[in-house]
Amino acid sequence: MSTPAKPDIEVRTVAEAEYTDWLKAVNRGFLRPPVVSDEEARGRLAHTDVGRVQGAFEAGRCVATFRSFAQELTAVGGAALPVTAVSGVTVSPTHRRRGLLTRMMAAELSAARERGEVASTLIAAEYPIYGRYGFGPATSLTEWEIDTARTGLDPNWSGPTDGGRVDLVDPAEAAKVGPEIFERFRAAQPGAVSRTRRWWDLATGAARLDGPWTEPFFAVYRTAGGEAAGIAAYTADERWSDAKLPENTATVKSLIGLTADADRALWHYLCSIDWIRTVRTGYRAPDDLLPLFFPNPRAARIVTNADFLWLRLLDVVRLLESRTYAGEGALVLEVEDGAGLAAGRFLLEASETGARCKPTALSAQLTLNARELASLYLGDESATRLLALGRVAQERAGAAARADELFRTARRPWCPDMF
């Protein structure tokens, strides 16, 4: 249990003049050198809503950091939901267990509700921290390492067989076609979050932060009709064996395809590059089709399998009404929330085209914490599994199975982006 912070530790919004010191505190918290140039600070500040940057200060020194920014999250069915994204969360190792994160989180979640944001998102660096604030893991990821020699692909591969083509493009072209592809992608991908213009500037080198920059290669897949329908960004190392044989690895920074054909063409391309013996896929959806694009799926071995995007519900009614469901039915949910932000009893009347949700006095059929509902919301978790774990209570026989019938999705949600 955290002990209350001493009164002389002030938690408040950071002033612009304090922003550089705040960035240094972020670096300390993530065990990076606490050095920030004036140029980097100015560049970051120009794209930061400083009114949403918090710090904890003791004797003028920043000892804890926290920021949020506006984001859109794609719900099941394609609705773009206004959420608050949380990032840059640190507490100095000299000031742990004093309730500083609790104070900053409470202030942000309360402000988010007032702004009309329906949920909060974050990428959890450590698993145990955020459940106590009502967050639950809502998407997962898998990363593969591909042995290109064992894929079973034709070593003389010369392009897609669907009439399309793969072209290498420069960063300027990638910055033009990439956002167009991504916006179409995220409109149909539950769990995806919005990318800003700044995201694309950093990804293509139009803007740079301090530190080394390695310009990626950009490959664009175009359909037989010439439409850009997929884009991959990747880097490659330079490694040769003592026998002068190439042992290079291509590392995928991002790969977005609008169709299975686009994904297949880009993965086949990456595995056909001369000298590339290994492809690291980066973080992909846990049910990605990737291994099955190869005659020998065992050429792709899983190297990472973990939770990724975490979700904290703030407006249960709007959230449940914003997504579509796998079938028709009604369910009464008792949602528990120690912070009171999402607590209540709700009648959900769901259908394949939408839903109605409202507070109700009807008897609860399923009781669960807000963090468990967050895990169920995008379809990546099962109420039946949570029941077996003792993390939901079934007040009426069959309620967990009914929840799974409604919340399940044909494909698992996926968030491609770290933030």
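Use the structure listed above.
Analysis parameters
- Residues numbered from 1 in each chain as written.
- Predicted model: local features only at pLDDT ≥ 70, side-chain atom pairs only at ≥ 80, totals over all residues.
- Heavy atoms only, no water.
- Pairing = 2+ DSSP bridges.
- Helix = DSSP H or I, 4+ residues; strand = E, 2+ residues; numbered from the N terminus.
- 1 Å grid on protein atoms, 1.4 Å probe; cavity = no way out; pocket = protein on both sides within 12 Å on 5 of 7 lines; lining within 4 Å.
- Points joined across faces, edges and corners; volume = space filled by probe spheres on them.
- Nonpolar A, V, L, I, M, F, W, Y, C, P; charged D, E, K, R; others polar.
- Buried < 20%, exposed > 50% of the residue type's maximum accessible area, 1.4 Å probe, protein only.
- Phe/Tyr/Trp six-rings, centres within 6.5 Å; stacked < 30°, edge-to-face > 60°.
- Axes fitted to C-alpha atoms, helices over the stretch in contact; angles between N-to-C directions.
- Contact = heavy atoms within 4.5 Å.
- Parallel < 35°, antiparallel > 145°, perpendicular 65-115°, else oblique.
- Salt bridge = Lys/Arg side-chain N within 4 Å of Asp/Glu carboxyl O.

Let's hear about the pairing of strand β16 (residues 344-351): which residues, and what values?
By the bridge criterion, seven bridges tie strand β15 (residues 329-336) to β16 in an arrangement that is antiparallel. Bridge assignment links Glu334 to a residue of β16, and that residue is Arg345. In this sheet, strand β17 (residues 354-359) lies alongside β16 in antiparallel orientation, the contact comprising six bridges. Counterpart to Phe346 in the pairing with β17 is Pro359. Between β16 and the antiparallel strand that follows it, β17, lie two residues.

Just give me the short version of the layout of surface pockets, but keep the residues and values in it.
To locate leftover empty space, one rolls a probe as large as a water molecule over the atoms. Of the voids in this model, the second largest pocket is the one considered here, and its volume is about 490 Å³. Contributing to the lining of the second largest pocket are 28 residues, with Phe185, Gln189, Gly257, Asp263 and Arg411 lying nearest its centre. Put simply, the parts of the chain that give the lining of the second largest pocket at least two residues each are α4 (171-186), β11 (248-257) and α6 (260-270). Broken down by element, the residue count for the lining of the second largest pocket peaks at three residues, all from β11. Within the lining of the second largest pocket, the residues separate by chemical class into 15 nonpolar, six polar and seven charged.

Lay out unusual backbone geometry with the relevant residues and their values.
Non-glycine residue Ala59 carries a positive phi angle of around 50°. Relative to the helices and strands, Ala59 is located in the loop between β2 (53-58) and β3 (61-74). In the Ramachandran plot, Lys244 falls in the positive-phi region, its phi being about 60° despite a non-glycine side chain. Examined against the element boundaries, Lys244 turns out to sit in the loop between β10 (228-236) and β11. Owing to a relative accessible area of 69%, Lys244 belongs among the exposed residues under this scheme.

Explain the packing of aromatic side chains residue by residue, including any values.
Overall, the coordinates contain twelve aromatic pairs when judged by the stated rule. With a centroid separation of 5.8 Å and an interplanar angle of 40°, the aromatic rings of Phe182 and Phe185 are classed as tilted. With Phe182 and Phe185 both in helix α4 and three residues apart, the pair spans about one turn of that helix. When its relative accessible area of 10% is taken as the criterion, Phe185 is described as buried. Ring geometry for Phe185 versus Trp414: centroids 5.8 Å apart, planes at 80°, classification edge-to-face. Of this pair, Phe185 sits in helix α4 while Trp414 sits in the segment after α10 (399-407); the two residues are 229 residues apart in sequence, bridging distant segments of the chain. Here the two residues Phe185 and Trp414 agree in accessibility, since each one is buried. In this structure an aromatic cluster arises from ring pairing among Phe182, Phe185 and Trp414.

Give a detailed account of the sheet that holds β17, specifying residues and quantitative values.
Here five strands make up an open sheet; going across it, the order is β17-β16-β15-β18-β19 and the pairing mixed. Where the open sheet ends on each side, the last strands, each with one partner, are β17 and β19 (392-394). Across the sheet, the mean angle separating the axes of adjacent strands is 25° when strand polarity is ignored. Pairing of strand β18 (residues 366-369) with β19, which is carried by three bridges, proceeds in the antiparallel orientation. Bridging from a neighbouring strand, Leu368 pairs with Val392 of β19. Taken strand by strand, α10 contacts β15, β16, β18 and β19, and its axis lies near 110° from that of β15.

Explain the sheet that holds strand β8 (residues 165-169) to me, using residue names and the numbers behind them.
Overall, mixed pairing links the seven strands, which are arranged β8-β9-β10-β11-β12-β7-β13 in an open sheet. Of all strands in the sheet, those with a lone pairing partner are β8 and β13 (300-307), marking the two edges. Pairs of neighbouring strands in the sheet enclose a mean axial angle of 25°, with direction left out of account. Sheet analysis places strand β9 (residues 217-222) next to β10, joined by six bridges and oriented antiparallel. Within β10, the position partnered with Tyr221 by the bridge is Gly230. Its contacts with the sheet put α4 on β8, β9, β10 and β11, and the angle it makes with β10 is roughly 125°.

Mind laying out the environment of Lys24, listing which residues take part and the relevant values?
On the secondary structure map, Lys24 appears in helix α1 (residues 19-29). For Lys24, a relative accessible area of 26% gives the class partly exposed. The sequence separation of Lys24 and Pro137 amounts to 113 residues, and the corresponding C-alpha distance is 29 Å. Not counting chain neighbours up to four residues away, the residues in contact with Lys24 comprise Pro34 and Val36.

Can you break down the packing of α1 against helix α2 (residues 38-45) residue by residue, with the values?
Direction vectors running N to C along α1 and α2 enclose 100°, while the axes themselves pass 10 Å from each other. Between α1 and α2, the crossing angle belongs to the class labelled roughly perpendicular. Residues Tyr19, Thr20 and Leu23 of α1 touch α2, and the partners they reach there are Ala41, Arg44 and Leu45. Among the residues forming the contact of α1 with α2, the class breakdown is four nonpolar, one polar and one charged.

Lay out the pattern of salt bridges in plain terms, naming residues and giving numbers.
Taken as a whole and assessed by the stated rule, the structure comprises 31 salt bridges. Beyond isolated ion pairs, a larger network of salt bridges with shared partners links Arg52, Glu108, Arg115 and Glu117.

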